[in-house]
Amino acid sequence: MAYAYDDHNIFAKILRGEIPNSTVTETEHTLAFNDIAPQAPTHVLVIPKGAYVCADHFMAEASDAELLDFHRTVARIVADLGLQADGYRTIANAGSHGVQEVPHYHLHILAGRPLGRMLDKA
Ligand code: 5GP
């Protein structure tokens, strides 16, 4: 399936500087910022600057430089925020069953309290 990227989404607006964000870190290819409605004491969103809709779109079509930069940035955030000791969770929602609200690929990094089981049973 070919993904069509809609550049009206809120993260595209953040990347264009049209709305503010609380930046955690920024690199050539990647931006990380605090979630506006945090689900845990630490809730960082990591996004590629390129126009990718979801995880498999990014993983299939991003350049090696984008992929490396994104993942090294996640690792650096985990280290810089000291998340290794107590642990953390990364989540990437995709599509309707994944309940993805913003159609620009983003990885949630959640930490700072016990996060419970990964999924409820519903
Ligand atoms: P999704 O459900 O797509 O995986 O997650 C989207 C996330 O984006 C949600 O956790 C939501 O709180 C966050 N979000 C939505 N709008 C904004 C915004 O304008 N700024 C920031 N920082 N986060 C947002």
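Residues numbered from 1 in each chain as written. Predicted model: local features only at pLDDT ≥ 70, side-chain atom pairs only at ≥ 80, totals over all residues. Heavy atoms only, no water.

### Here's the deal with the pattern of salt bridges
What the rule picks out here adds up to three salt bridges. Here E26 and K49 are joined by a salt bridge, their closest N and O atoms 2.8 Å apart. Highlighted residues: E26 in strand 1 (residues 23-26) and K49 in the loop between strand 3 (42-48) and helix 2 (55-61), separated in sequence by 23 residues. Classification of K49 by relative accessible area gives partly exposed; the value is 32%. The salt bridge partner of D80 is R76, with a shortest N-O separation of 4.0 Å. Taken together, the residues D80 and R76, both in helix 3 (residues 64-80) and four residues apart, mark about one turn of the helix. (Salt bridge = Lys/Arg side-chain N within 4 Å of Asp/Glu carboxyl O. Helix = DSSP H or I, 4+ residues; strand = E, 2+ residues; numbered from the N terminus. Buried < 20%, exposed > 50% of the residue type's maximum accessible area, 1.4 Å probe, protein only.)

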